[in-house]
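Tertiary structure, described
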Amino acid sequence: MALLWRLNQPKGRLTLAAFLSLISFAASINLFFAAIVRISGEVGVRPEVLASVASAYFAAFVLVSILAGYFAERVGTRVVLMGGCAVLIAGALLLGVSTHPPALLLAVVAMGTGGGILEGMSSALLVQLYPDRERQAVNLSQAAYCCGAIAGPLLMGILLPRGVGWRVFFLGVAVLAATNLALYAASRFNIGGEAQRFTPKEAAAVLRRWSVAQLCVVVFFYVLAESALVGFLNIYLYQYRSAPEAVAIQSIAYFWAAMLVGRLLCGLLPDRWSERGLIFLTMSLGGAAVAASLLTSDWRYALASFVAAGFLMGGAWPTAVALTGARHRRYASTVVGLTVALGALGCVVAPPLMGSMFQAADSRLVMALPAIPLLVGGLLALPVPRSVRAVGQS
């Protein structure tokens, strides 16, 4: 499948820019999770509590994801995407020099703002660039996201124990986002023609449709589970299962590497595969793998269960987002932005929920609980009777 065009073609440059957007966004938040034990030591806050700061990241992410799609339709995608890159640069630089919790919180919010713009708008851009190949394009772009999520924690796991400071990695995120900003500035955004304008009333009518609401809920449950796993895998393995620090940090990279493979495979599946069936299958199998971690007695087997879950569940998010954009192509930026935003509420809920549960329940049980939203979300992805859809679209 010839998805990537030569870089001297406008479509190819935009595709590369969209992929790099997801790489820089993924690196920013996953580096924070990977360095969380070291950061907590510097600021004097327990890792489980510090992980809750990620809720501020995703609160900003949700807010701007809701607004970015609409403003992209009104003022232009280029302006919104370049703004996202600029804010991500500022947040990464601030985090790289932060020494006190307030500055740390401000940096995290800035990175969340940039990430909220870049993820939803990059996915919507790919839906518009590759009509009739949305699932393949978005799955491959999310494979790029996995590359960013893999590279940072993997390098951090190698270099932190050797004395390299964690702040250096966030300066690298700023450089990557600056490169991305330059690519958007040099790209042409009218490849698919001028975007159709629509009123807020028209947009609200689309967002009330069951076909949109259903997938928003599915994506929420997926993200809730994914955030719970990624945000606490390092802490769980290191503090509760006695894994070596380097392995605990790199476990995040292993999780995303397995998800990378899963998303690539989903992107290569033929079009005759049902998107809804694929979402159900991937989320259900991922939930089963997470639940299997409860039966493990050694950190190695627990890690294997979570890595298997990453592989199995990986294709659900991009498939759901691509399906939303494909079915509402005229409003792709707004609808995809809303789906990503409401899904990201799972990122807001997961850190404080998991952090409080670690204080009150057995750690093995807590890390197995993300299986529940995966199973529920998979079931909700299945087709509903026509009568229900008619009520939702009335």
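The present account deals with the structure reproduced in this document. (Residues numbered from 1 in each chain as written. Predicted model: local features only at pLDDT ≥ 70, side-chain atom pairs only at ≥ 80, totals over all residues. Heavy atoms only, no water.)

Quick notes on the packing of aromatic side chains
What counts here: Between the rings of Phe, Tyr and Trp (Trp by its six-membered ring), a pair exists once the centres lie within 6.5 Å; its type follows the angle of the planes, with under 30 degrees stacked, over 60 edge-to-face, and the other angles tilted. Only DSSP runs of H or I with at least four residues qualify as helices, and only runs of E with at least two residues qualify as strands; both kinds are numbered from the N terminus onward. Exposure classes here rest on a 1.4 Å probe applied to the protein chains alone. A residue is buried below 20% of its type maximum, exposed above 50%, and partly exposed in between.
Summed over all chains, the structure comprises 11 aromatic pairs. Geometrically, the ring pair formed by Y236 and F358 is tilted, given 6.5 Å between the ring centres and 45 degrees between the ring planes. One end of the pair, Y236, is in helix α10 (residues 210-240); the other, F358, is in helix α15 (residues 332-360), with 122 residues separating them in the sequence. The class for Y236 is buried, based on a relative accessible area of 0%. Clustering of aromatic rings is evident, with ring pairs tying together F25, Y57, F61, Y145, F255 and W256.

What to know about the environment of S141
For clarity, the cut-off: For this analysis, residues touch if any pair of their heavy atoms sits within 4.5 Å. The definition of a polar contact used here is a pair of N or O atoms within 3.5 Å, where within protein one atom must be able to donate a hydrogen and the other to accept one, and adjacent residues in sequence count solely through side-chain atom pairs.
Here S141 is to be found in helix α7 (residues 134-159). Between the alpha carbons of S141 and T15 there is a distance of 8.7 Å; along the sequence they are 126 residues apart. Not counting chain neighbours up to four residues away, the residues in contact with S141 comprise F19, L22 and L126. Of note is the side chain of S141, whose polar atom sits 2.7 Å from the backbone oxygen of V138.

Notes on the packing of α10 against helix α12 (residues 275-292)
Going by this rule: Between N-to-C directions, angles cover 0 to 180 degrees, with each direction set by a line fitted to C-alpha atoms, over the stretch in contact for helices. Orientation categories follow fixed angle ranges, with anything under 35 degrees roughly parallel, anything over 145 roughly antiparallel, 65 to 115 roughly perpendicular, and all other angles oblique. Handedness of a crossing is defined here by the sense of rotation of the near helix relative to the far one, left-handed for an anticlockwise turn of less than a right angle and right-handed for a clockwise turn. Classification convention: Asp, Glu, Lys, Arg as charged; Ala, Val, Leu, Ile, Met, Phe, Trp, Tyr, Cys, Pro as nonpolar; all other residues, Gly among them, as polar.
Interhelical geometry of α10 versus α12 gives an angle of 25 degrees and a closest axis separation of 12 Å. Taken together, the axes of α10 and α12 are roughly parallel relative to one another. Considering only the axes of α10 and α12, their crossing is left-handed. Contacts between α10 and α12 involve Q214, L215, V218, F221, Y222 and L229 from the first element and R276, I279, M283 and V290 from the second. Taken together, the residues that form the contact of α10 with α12 break down as 8 nonpolar, 1 polar and 1 charged.

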